Amino acid sequence: EVEDEKKSTFFGNYEAKTEVITSNELVKDACCDLSGCFGRNSSVDVAVTDILTDSKELRVLGLEGVYTQVLVENMPIIGGLNTKYSISSIPGTLIDRIMVTKGANSVLQGYESISGIVNVILKDYKTSDRLFLNAFMNGSLEKQFNANLSKEFSKKWSTLFSLHTTQKSNRIDENNDSFLDMPLITRYTAFNKWAYGDVEDETQFSAAARIWFEDRIGGQSGFNDDKDEGSSSVYGQTVHIKSGEAFTRFSRDFKNGNSLKILLSGSHYNLQSYYGITKYNAKQNIFNSSLIYEIELPGENFLKT
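Quick summary incoming for the structure in this document. The model shown is predicted, which means the values in this text are computed figures rather than measured ones.

Procedures and definitions
Residues numbered from 1 in each chain as written. Predicted model: local features only at pLDDT ≥ 70, side-chain atom pairs only at ≥ 80, totals over all residues. Heavy atoms only, no water. Helix = DSSP H or I, 4+ residues; strand = E, 2+ residues; numbered from the N terminus. Rg over C-alpha atoms; globule rule 2.2 N^0.38 Å. Buried < 20%, exposed > 50% of the residue type's maximum accessible area, 1.4 Å probe, protein only. Contact = heavy atoms within 4.5 Å. Lys, Arg positive; Asp, Glu negative; His and termini not counted. Charge placed at Lys NZ, Arg CZ, Asp CG, Glu CD. Pairing = 2+ DSSP bridges. Axes fitted to C-alpha atoms, helices over the stretch in contact; angles between N-to-C directions. Phe/Tyr/Trp six-rings, centres within 6.5 Å; stacked < 30°, edge-to-face > 60°. Lys NZ or Arg CZ within 6 Å of the ring centre and 35° of its normal. Core = buried A, V, L, I, M, F, W, Y, C linked by side-chain atoms within 4.5 Å. Patch = residues over 30% accessible without salt bridge, like charges linked within 9 Å, V, L, I, M, F, W, Y side chains within 5 Å. Areas by Shrake-Rupley, 256 points an atom, 1.4 Å probe, with all protein chains shown as cover. Salt bridge = Lys/Arg side-chain N within 4 Å of Asp/Glu carboxyl O.

So, on to the overall build of the protein chain. A tally of helices and strands in the protein chain yields 3 helices and 16 strands. Here the C-alpha radius of gyration of the protein chain, 21 Å, is about what a compact globule of 305 residues would show, namely 19 Å. A principal-axis box enclosing the C-alpha atoms of the protein chain has dimensions of 70 × 40 × 35 Å. Residue burial in the protein chain is summarised as follows: out of 305 residues, 46% are buried. If you take every contact in the protein chain between residues at least 6 apart in sequence, the share linking residues at least 24 apart comes to 58%. The average position of the 32 basic charges and that of the 40 acidic charges among the side chains of the protein chain differ by 4 Å.

Structure follows, in structure tokens:
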């Protein structure tokens, strides 16, 4: 019997050189969300794009975040308008592993991976605790709570249900510049994932959905969003987000070594915001579908269509 401890970060055997950040590595970072998962990683830089609302982006090879494609379960759910705040909406307790690939990559998931791909794999029944509870509060009294519940209904069917909430901190201005040191964030997310089959099965199926509601308030310490939103006397920024996402994956392996995959994903994103006196409201609907057929060729070669 030979035993060894797997490294928390390693390079996987994929088509392109891919660094895999496991959940064991994420524990070392004590990350609250996806944007905090790269404190010990040199491949990905996390940059703050708006200090008042604390919006962040992921940068690979030093280029702006717009050139980095962020995938969830190999699907382009994060993109366009929701990129600005989405990477802060995925709790770290729901992430199983993160795969980072530098440089231009395969166009199977789209053409946006100019500087690299960050692929986030979420937990399921096999990789999650049966019941997981987590609570956190920082010195500014910002509170976070996470709960994961997984259950197996049969040898084939299993599910994972996850809840996450962030409650706003106190109004703090320690440097006395009349602006809040950190935004006031209130967030609620609920995630549910169903899976069918196992590794030995020729057919595998999974489906998941998530809802996300969030409010962010930043600006001067005296700003009151109820009466000062859009005001010219007190500067403030307000962000109100209502979003829903769903995706499904079907794969079938054939006896001749070929395989078939069907990927479907869709999202709705509704943003209502004020940046000072500037009102900015936007809606975005994204639907993506992929049909991938993989043909086994002589040697260790495959043709994907």
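Okay, back to it.
Taken in spatial order, the 9 strands of this open sheet run E8-E9-E10-E11-E12-E13-E14-E15-E16, and their pairing is antiparallel. At either margin of the open sheet sits one strand with a lone partner, and together these are strand E8 (131-137) and strand E16 (301-304). The mean inter-strand angle of the sheet, taken between neighbouring strand axes irrespective of direction, is 10°. Examined bridge by bridge, strand E13 (residues 236-253) and strand E14 (residues 259-275) share 17 bridges and lie antiparallel to one another. Note that in E14 the partner of isoleucine 241 across the bridge is leucine 271.

Tallied over the entire structure, the rule returns 5 aromatic pairs. Consider the rings of phenylalanine 153 and tryptophan 194, whose centres lie 5.4 Å apart with planes at 15°: the pair is stacked. With phenylalanine 153 in the loop between strand E9 (143-152) and strand E10 (157-167) and tryptophan 194 in strand E11 (residues 184-196), the pair connects residues that are 41 residues apart, well separated along the chain. For phenylalanine 153, a relative accessible area of 48% translates into the label partly exposed. Residue classification places tryptophan 194 among the partly exposed positions, given a relative accessible area of 33%. If you follow lysine 151 out to its NZ or CZ, it ends over the ring of phenylalanine 153, 5.7 Å from the centre.

To continue, consider the sheet that holds strand E6 (residues 95-102). With mixed pairing, the 5 strands of this open sheet are ordered in space as E1-E2-E6-E7-E5. Each edge of the sheet is formed by a strand with only one pairing partner; in this case those strands are strand E1 (9-12) and strand E5 (68-72). Across the sheet, the mean angle separating the axes of adjacent strands is 20° when strand polarity is ignored. Pairing geometry for strand E2 (residues 18-22) and E6, over 5 bridges, is antiparallel. What sits directly across from valine 20, in E6, is methionine 99.

Right, let's talk about the nonpolar core for a bit. One broad trend across soluble globular proteins is that nonpolar side chains are buried collectively. Among the nonpolar cores identified, the biggest contains 28 residues, and Leu34, Phe38, Ile95, Ile98 and Val118 are the most heavily contacted of them. Those elements that provide at least two residues to this core are strand E4 (55-60), E5, E6 and strand E7 (116-122). Contacts of isoleucine 95, omitting those with residues within four sequence positions, involve Ser23, Leu26, Leu34, Cys37, Ile90, Val120, Ile121 and Lys123. Membership of the second largest hydrophobic core comes to 6 residues, among which are Tyr85, Val239, Tyr269 and Leu271.

Comment: phi is negative for the bulk of residues other than glycine, and the bulk of peptide bonds are trans. Backbone geometry at aspartate 54 places phi at a positive 60°, although glycine is not the residue there. Structurally, aspartate 54 can be placed in the loop between strand E3 (44-50) and E4. We note that asparagine 176 has phi near 55°; this positive angle belongs to a residue other than glycine. The class for asparagine 176 is exposed, based on a relative accessible area of 66%.

So, about a nonpolar patch on the surface. On the surface, a nonpolar cluster with roughly 580 Å² of combined accessible area is contributed by Leu131, Leu133, Phe145, Leu149, Phe161 and Leu163. Its place among the elements puts leucine 163 in strand E10. On the accessibility criterion, leucine 163 (39% relative accessible area) is partly exposed.

What follows concerns the pairing of E2. With respect to burial, E2 is a largely interior element, 5 of its 5 residues being buried. Side-chain alternation along E2 places Thr18, Val20 and Thr22 on one buried face and Glu19 and Ile21 on a second face that is also buried. Pairing between E1 and E2: 4 bridges, direction antiparallel. Note on E2: the bridge partner recorded for phenylalanine 11 is glutamate 19. The antiparallel hairpin formed by E1 and E2 contains 5 residues in its connecting segment.

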